[in-house]
Amino acid sequence: MSKPLKQIHLAAHFPGVNNTTVWSDPKAGSHIEFSSFVHFARTAERAKFDFLFLAEGLRLREQGGQIYDLDVVGRPDTFTVLAALAAVTEHLGLTGTINSTFNEPYEVARQFASLDHLSGGRSAWNVVTSWDAFTGENFRRGGFLPQEERYSRAKEFLATAHELFDSWHGDEILADRETGTFLRDAKAGAFVHTGQHFDIHGQFNVPRSPQGRPVIFQAGDSEEGREFAASSADAIFSRYAALEAGRAFYQDVKSRLAKYGRGHDQLLILPAASFVLGDTDDEAQELAKEVRRAQVSGATALKHLEFVWNRDLSAYDPEGPLPDVDPVVSEEHISRGRAQVRMYRDPLATAREWRELAAANKWSIRDLVIETGNRQNFIGSPATVARTINDFVQADASDGFILVPHITPGGLDVFADQVVPLLQEQGVFRTEYEGRTLRDHLGLAHPDQIGDDRRAAS
Amino acid sequence: MSSTPSSSLHLAVALDGTGWHPASWREPAARPRELFTAAYWADLVTEAERGLLDFVTIEDGLGPQSSHFLDADERTDQVRGRLDAVLIASRVAPLTRHIGLVPTVVSTHTEPFHISKAIATLDYVSNGRAGLRVQITARPNEADHFGRRTIPRIDAYDSPAAREVVTDLFDEAADHVEVVRRLWDSWEDDAEIRDAATGRFIDRDKLHYIDFEGRHFSVKGPSITPRPPQGQPIVSALAHDTVPYRLVARAADVGYVTPYDVDEARALVARIRAEQNAAGRAAEPLHVFGDLVVFLDDDPAAATARRERLDALAGQPYTSDALIFTGTAPQLADLLQDLHGAGLSGFRLRPAVAGHDLPAITRGLVPELQRRGVYRRAYEAGTLRGLLGLARPANRYAATATA
């Protein structure tokens, strides 16, 4: 007997900064106006997606001491957009990244609990950490957090938020007009937390929300990040959208669950993935090439090379050969507020390798950046893409995908109209929402039903 | 006087739970079990919009409500718990088209960077109808919820020590507002250029570091969110004394005051205008609104009886920092016109029972004011600034750049 087919989870990431978004395309709309978010969210809901995902920015990126100006810059506030989207959708989960370094647990917990109430149980929190003083310059807290403390603060932040969410049990509000009893218990919301990062006590002032707690997402790939996710997250936002790497990551993270007393289904693995669709596979391949060229202008190519060279390369011709000069190896980096910087640990070796690659293939700077940069994960006709996604999930390389279109806000439409119906025909994706809450969509139990094994074990 | 923006009377309502009377939740018109649902708030705000009101404010706090000024209480007979006001405002924004949305923001424990982008975004999702009402908290228990600072205990409201604490918190609030406002201006309106020829999405020369350095925080900027539709959303604050009057005079577009009669209203307006002069802002428009709690019924005796019934349920007479009006819509219209004549440009009415007194305002008071020719008959502007007769401000950084 064959194994029953896994159900695929799909979500949509509203594209923000970085050069995924082709803002120069005539079809590209605003990434700020609310109408764009409404279009995007309604498309995701029409396609019965699990949730919409919004990233967060807390400092504009800089390169060479200047604000980076080649990609989409600027975005609205995560909580505010998600709360407004709750008004124009009914089922779609609303997931937001909120940094645990530049916030306090009481405030964030009440914002997520409020969002959960106001959306009828559709909120999720992607917990991220930051340690850099650069971002800290926008906050009272400043940049004091040492890098090695980022997960320790994040873990304690999340545990503290859970204590606040759990400080109401859900049966406190009687609102009995006859007896004049509003609250069953005067101590509703009482909490005490004493720890390394937070020493707080008092009463939480938001009653228990429909999901009990928001769904918790975690992103990050280090050893500590994987442990954090295995111990504390409901879903992991990974970057392994290639089959073998995806399977390795999947096996690794899922195998860590047991020691926290958690089952295989209590942590979903959802890589971010981009896609290009065409009527035929060949047409999609052609289109994908065009998109990559649009994503990497000559100016963008030079800026990407500067991440590795760590010096001003503006005098070079992007259509010409790679620089002869070597990268500057320094603690001070030309680029700030950009996550990819961490990917270039050995710039001299990378430069050597790229020069050889470019020479062998007769690539210009721009060709090199296009060829070595991120490719679209799924390219093909709707049938090809649907089949590939399904194969990937059935092979346990992920539990689904968070799709990132390259056009705002209409880039998801073609996927919703052409790929989703094929997945539905194959019986691997829902045709109707079966529940109301995000936990329902993701197949996650309500925290009141799973007890507190998790915290006891961690 | 040039600093009074408009001669028409403005109306706002202050939304707080089931209403401002602590026993309001026990009234038949109250919906206490729905306080934590979106539908409840949507219904209140759409009712206010039906009455053509300028805006609603939404109360908030970083701890449970209390019958004590400074401490939590142990009461179970009153509404406790509330949702984040900015999120409530955002949730109802797409369901409304005209009314201004002004959530309360507590400056004492929040980050101005976060508040700035949240209110800017509220302005985007409401197409130019956002504001904020800035509030401080001197409650030690709320400071304990954050654990970052201790706030010295105030014993007597008017002791020198208490004044020092409160002045410090208002100074911080003033800095908070200054940072928020600078961040709103940190993008010039036309910073997004999408110049395909050069590959530049923005003109970085139109983005500005704000470089704020203050006693409580320093903020670099620029904002992550582009300048909101109104340029500067509305900043408002409630004020009872010289220090908060100063905050209103220096930093606000709308100040709420609590006069008990016409003479007091005139005196309060004069004090705020004097502070405004001292701050060099005499020429700038600044609304001074009167705050009143209202029990409105068709028959004055019914209003009085309702108030007495609620007081009996609460176990004590309701008191407020603001005047408590009990009576009919025509009586309230008389009072508002008198106070308007004393220099108040508008009013923020606090419904004693939201489910009863809000519809009494929108369906009783508003038509009465319209009959008298002192209130709008249709929304005549698309933004909250427009409704309040306030121009869209120039960007401070753009001005200096071209100077």
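Residues numbered from 1 in each chain as written. Chains lettered and ligands numbered in written order. Predicted model: local features only at pLDDT ≥ 70, side-chain atom pairs only at ≥ 80, totals over all residues. Heavy atoms only, no water.

1. A word on the packing of aromatic side chains
Residue and element names in this part refer to chain A.
Step number 1: In total, this model carries 27 aromatic pairs over all chains according to the counting rule given.
Step number 2: For the pair Tyr-106 and Phe-191, a centre-to-centre distance of 6.1 Å together with 40 degrees between the ring planes defines the contact as tilted. Separated by 85 residues along the polypeptide, Tyr-106 in helix H3 (residues 105-118) and Phe-191 in strand E9 (residues 190-194) bring together distant segments of the chain.
Step number 3: What makes Phe-191 buried here is its relative accessible area of 7%.
Step number 4: Connected via pairs of aromatic rings, a cluster forms that spans Phe-79, Phe-112, Trp-125, Phe-157 and Phe-198. (Phe/Tyr/Trp six-rings, centres within 6.5 Å; stacked < 30°, edge-to-face > 60°. Helix = DSSP H or I, 4+ residues; strand = E, 2+ residues; numbered from the N terminus. Buried < 20%, exposed > 50% of the residue type's maximum accessible area, 1.4 Å probe, protein only.)

2. Considerations on the sheet that holds strand E4 (residues 66-67) of chain A
Residue and element names in this part refer to chain A.
Step number 1: The three strands lie next to each other as E4-E3-E15, forming an open sheet whose pairing is antiparallel. At either end of the open sheet lies a strand with only one pairing partner, and these are E4 and strand E15 (335-336).
Step number 2: Taken together, the two bridges between strand E3 (residues 62-63) and E4 define a ladder with antiparallel strand orientation. Bridging across to E4, Glu-62 finds its partner in Ile-67. (Pairing = 2+ DSSP bridges.)

3. Overview of the packing of helix H3 (residues 112-125) of chain B against helix H5 (residues 160-184) of chain B
Residue and element names in this part refer to chain B.
Step number 1: Where H3 meets H5, the closest approach of the two axes is 9 Å, and the angle between their N-to-C directions is 50 degrees. Compared by their axis directions, H3 and H5 come out oblique. Crossing geometry of H3 relative to H5 is assigned as right-handed. On H5, the residues touching Pro-112, Phe-113, Ile-115, Ser-116, Ile-119 and Ala-120 of H3 are His-176, Val-179, Val-180, Leu-183 and Trp-184. (Axes fitted to C-alpha atoms, helices over the stretch in contact; angles between N-to-C directions. Parallel < 35°, antiparallel > 145°, perpendicular 65-115°, else oblique. Left-handed = near helix turned anticlockwise from the far one by under 90°. Contact = heavy atoms within 4.5 Å.)

4. With respect to the pattern of salt bridges
Step number 1: Scanning the entire structure with this criterion turns up 77 salt bridges over all chains.
Step number 2: The closest approach of N and O atoms between Lys-48 of chain A and Glu-432 of chain A, which form a salt bridge, is 3.7 Å. Separated by 384 residues along the polypeptide, Lys-48 of chain A in the loop between helix H1 (34-46) and strand E2 (51-54) and Glu-432 of chain A in the loop between helix H13 (413-425) and helix H14 (438-442) bring together distant segments of the chain.
Step number 3: Taking the relative accessible area as the measure of exposure, Glu-432 of chain A reaches 48% and is therefore partly exposed.
Step number 4: With a shortest N-O distance of 3.9 Å, Arg-200 of chain B and Asp-195 of chain B are connected by a salt bridge.
Step number 5: On the basis of relative accessible area, Asp-195 of chain B is assigned to the partly exposed category, the value being 24%.
Step number 6: Residues participating in the shared-partner salt-bridge network are Asp-221, Glu-223, Arg-226, Glu-227, Arg-239, Asp-252, Arg-256 and Lys-259 of chain A. (Salt bridge = Lys/Arg side-chain N within 4 Å of Asp/Glu carboxyl O.)

5. Quick word on the side chain of Asp-71 of chain A
All names here are of chain A.
Step number 1: Following the sequence through the fold, Asp-71 ends up in the loop between E4 and helix H2 (78-85).
Step number 2: For Asp-71, a relative accessible area of 3% corresponds to the buried category.
Step number 3: There is a polar contact of 3.4 Å between the side chain of Asp-71 and the backbone nitrogen of Asn-19.
Step number 4: Among the polar contacts listed, one links the side chain of Asp-71 to the side chain of Arg-61, at a separation of 3.2 Å. (Polar contact = N/O pair within 3.5 Å; in protein donor to acceptor, adjacent residues only side chain to side chain.)

6. Things to note about the environment of Thr-20 of chain A
All names here are of chain A.
Step number 1: With respect to the secondary-structure elements, Thr-20 resides in the loop between strand E1 (9-13) and H1.
Step number 2: Assessed through its relative accessible area of 26%, Thr-20 is described here as partly exposed.
Step number 3: When the C-alpha positions of Thr-20 and Arg-42 are compared, they lie 21 Å apart, and in sequence the two are 22 residues distant.
Step number 4: Setting aside chain neighbours within four positions, we find Thr-20 in contact with Gln-295, Val-404, Pro-405 and His-406.

7. Notes on the packing of helix H12 (residues 382-394) of chain A against H13 of chain A
Residues and elements named next belong to chain A.
Step number 1: It is at 9 Å that the axes of H12 and H13 come closest, and there the two elements cross at 55 degrees. Here H12 lies oblique to H13, going by the angle between them. Here H12 and H13 pass one another in a crossing that is right-handed. When H12 is examined against H13, the residues Pro-382, Ala-383, Val-385, Ala-386, Ile-389 and Asn-390 are found in contact with a partner set consisting of Phe-415, Gln-418, Val-419, Leu-422 and Leu-423.
Step number 2: Per-class residue counts for the contact of H12 with H13 are nine nonpolar, two polar and no charged. (Nonpolar A, V, L, I, M, F, W, Y, C, P; charged D, E, K, R; others polar.)

8. Concerning the sheet that holds strand E17 (residues 400-403) of chain A
Residues and elements named next belong to chain A.
Step number 1: Taken in spatial order, the eight strands close into a barrel running E1-E2-E5-E6-E11-E12-E13-E17, and their pairing is parallel. Between one strand and the next, the sheet's axes are offset by a mean angle of 30 degrees, whatever the strand orientation.
Step number 2: Pairing analysis gives six bridges linking strand E5 (residues 93-99) to strand E6 (residues 123-128), with the strands arranged parallel. Bridging across to E6, Thr-97 finds its partner in Asn-126.

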